[in-house]
Amino acid sequence: LTETANRLMFLLDYAKCPQEDIKLNSTVFHWPDHIKTVFELSQNRIMNRRESAEEEVRKKVQAYEEKLDKYYKEIESFRKKEIMSMDEMKNNVEHLNTLQDNLEAARDELEAINTEETLLEWEASQFPQLQTMFQMKDPYDKLWNTALQFSTKSDEWLNGSFQSLNAETIDNEVSDMFRTMYKLTKTLGDQPGPRNVADRTKGKIDKFKQHLPLLHTICNPGIRDRHWEQMSDVVGFDIKPAEDASLMTMLEYGLSKHLERLEEIGGSAAKEYSLEKAMEKMKVEWSPMHFEFTPYRDT
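Residues numbered from 1 in each chain as written. Predicted model: local features only at pLDDT ≥ 70, side-chain atom pairs only at ≥ 80, totals over all residues. Heavy atoms only, no water.

A. A look at the overall build of the chain. Across its full length, the chain holds 10 helices and 0 strands. In the chain, the succession of α and β elements from N to C terminus is α-α-α-α-α-α-α-α-α-α. A compact globule built from 299 residues should have a C-alpha radius of gyration of about 19 Å, whereas the chain, at 41 Å, is more than 25% larger. Here the chain holds 299 residues, and 30% of them are scored as buried. For the chain, the proportion of contacts with a sequence separation of at least 24, taken over those separated by at least 6, is 79%. Split by element, the accessible area of the chain, about 20400 Å² in all, is 52% carbon and sulfur. In the chain, 40 positive and 55 negative side-chain charges are present, and the distance between their average locations comes to 2 Å. (Helix = DSSP H or I, 4+ residues; strand = E, 2+ residues; numbered from the N terminus. Rg over C-alpha atoms; globule rule 2.2 N^0.38 Å. Buried < 20%, exposed > 50% of the residue type's maximum accessible area, 1.4 Å probe, protein only. Contact = heavy atoms within 4.5 Å. Areas by Shrake-Rupley, 256 points an atom, 1.4 Å probe, with all protein chains shown as cover. Lys, Arg positive; Asp, Glu negative; His and termini not counted. Charge placed at Lys NZ, Arg CZ, Asp CG, Glu CD.)

Listed below in structure tokens is the structure:
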């Protein structure tokens, strides 16, 4: 503007400016005051927007705290649950799954809130209770999921066709469930309701484990008709199963009384089956081979 004024003073010494030019120059010289007004209006607008943004973030933080309090109370409610009906177990598992989704969503929401706080140059809000709730919920997750899993699968194992079962897989699953429940009886020792659920489920699993030796014997893939005949001779009546025969049916035959002898027959069947598989593998490997003769010297 100083440079512009110097040029204008020079021009006024040598030329007569039209009214439009004088008006235009006046506008130029008044711009600083005008810009100050614009800046002030803009600054006020920015402050209003900032206050609005700050208020919005405060409301989000407050709503977030209330939400976490609600989730905490829901998790705390599991300290008193001990009804083990199938419907109750399913409801508890569904409730815990919903809680898991809500806590994960809350974790994402906190990241978004912290981002807004950083933009406002605030210190990021910390909610250590969120991670604590994940840890609080974990034992109840294991408790009710394992209880429901065992209740559902044990019914299938006992009442479904035993010939479609894999004894090794079932053994591993049952062992994992038992270890989980054993640890939970210690972890939940100060909570009578959940501890009672863990004790009762552990007892049921322990009772089912007694059937595993028989399950390994009769679910042996190497058992043939001749082996069933041998086992029938040991028991004293025909136990050759129908296609849909269940483990419960075999238990009702009282096979556990003859388990030691039946295990010997099952062990022999397993060895024979292993040899059969080895022979089949040899046949496949040797199928493209051809045995040929070549002349020996002059003969």
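B. Fine view of the packing of aromatic side chains. Following the criterion strictly, the structure yields 8 aromatic pairs and no others. Judged by centre distance (6.1 Å) and plane angle (85°), the rings of Phe-150 and Phe-208 are edge-to-face. Note that Phe-150 is positioned in helix α4 (residues 128-159) and Phe-208 in helix α6 (residues 192-209), a separation of 58 residues in sequence. Like Phe-150, the residue Phe-208 is buried in the burial classification. Judged by centre distance (5.5 Å) and plane angle (70°), the rings of Phe-291 and Phe-293 are edge-to-face. Accessibility classification places Phe-291 together with Phe-293 in one group, the exposed group. Members of the aromatic cluster, joined through ring pairs, are Phe-150, Trp-157 and Phe-208. Its guanidinium or amino end placed over the ring of Phe-78, Lys-81 lies 4.2 Å from that ring's centre, counting from NZ or CZ. Above the face of the Phe-178 ring, Lys-209 is positioned so that its terminal group lies 4.2 Å from the ring centre. (Phe/Tyr/Trp six-rings, centres within 6.5 Å; stacked < 30°, edge-to-face > 60°. Lys NZ or Arg CZ within 6 Å of the ring centre and 35° of its normal.)

C. View of unusual backbone geometry. For Glu-121, which is not glycine, the phi dihedral falls at a positive 65°. Relative to the assigned elements, Glu-121 resides in the loop between α3 (86-119) and α4. Backbone geometry at Arg-297 places phi at a positive 55°, although glycine is not the residue there. Among the secondary structure elements, Arg-297 is positioned in the segment after α10 (259-286).

D. Representation of helix α8 (residues 225-235) in the model. Taken together, the buried positions of α8 are occupied by His-227, Trp-228, Met-231, Ser-232 and Val-235. Considered in projection along α8, the buried side chains sweep an arc of 140° and stay on one side of the axis. Facing away from the buried side of α8 by over 90 degrees, the exposed positions are Glu-229 and Asp-233. Gly-236 occupies a position one or two residues after α8 and carries a positive phi of about 105°. (Arc of directions from axis to C-beta.)

E. Representation of α6 in the model. Counted at 1.5 Å a residue, the expected span for α6 with its 18 residues is 26 Å, and the 25 Å between its end C-alpha atoms agrees. Packing partners of the buried residues in α6 comprise α4, α5 (167-187) and α7 (212-218). (Expected span 1.5 Å × (residues − 1).)

F. Local environment of the pattern of salt bridges. One pass over the full model with this rule turns up 18 salt bridges. Its salt-bridge partner being Arg-58, residue Glu-55 comes within 3.5 Å of it at the nearest N-O pair. A residue pair is termed a helical-turn pair when its members lie 3 or 4 positions apart in one helix, as Glu-55 and Arg-58 do in helix α2 (residues 19-76) at 3 residues. On the basis of relative accessibility, which here comes to 37%, the residue Glu-55 falls in the partly exposed class. Under the relative-accessibility criterion, Arg-58 is labelled partly exposed at 43%. Notably, a salt bridge pairs Lys-67 with Glu-109, separated by 2.9 Å at the nearest N-O pair. (Salt bridge = Lys/Arg side-chain N within 4 Å of Asp/Glu carboxyl O.)

G. Examining the nonpolar core more closely. Leu-130, Trp-144 and Phe-162 are the most contacted members of the largest nonpolar core, which has 62 residues in total. Excluding residues within four positions of it along the chain, Trp-144 makes contact with Phe-78, Lys-81, Glu-82, Ile-83, Met-89, Asn-92, Val-93, Leu-96 and Val-197. (Core = buried A, V, L, I, M, F, W, Y, C linked by side-chain atoms within 4.5 Å.)

H. Structural view of a nonpolar patch on the surface. On the surface, Trp-31, Ile-35, Val-38 and Phe-39 cluster together to form a nonpolar patch covering roughly 380 Å² of accessible area. Relative to the assigned elements, Ile-35 resides in helix α2. (Patch = residues over 30% accessible without salt bridge, like charges linked within 9 Å, V, L, I, M, F, W, Y side chains within 5 Å.)

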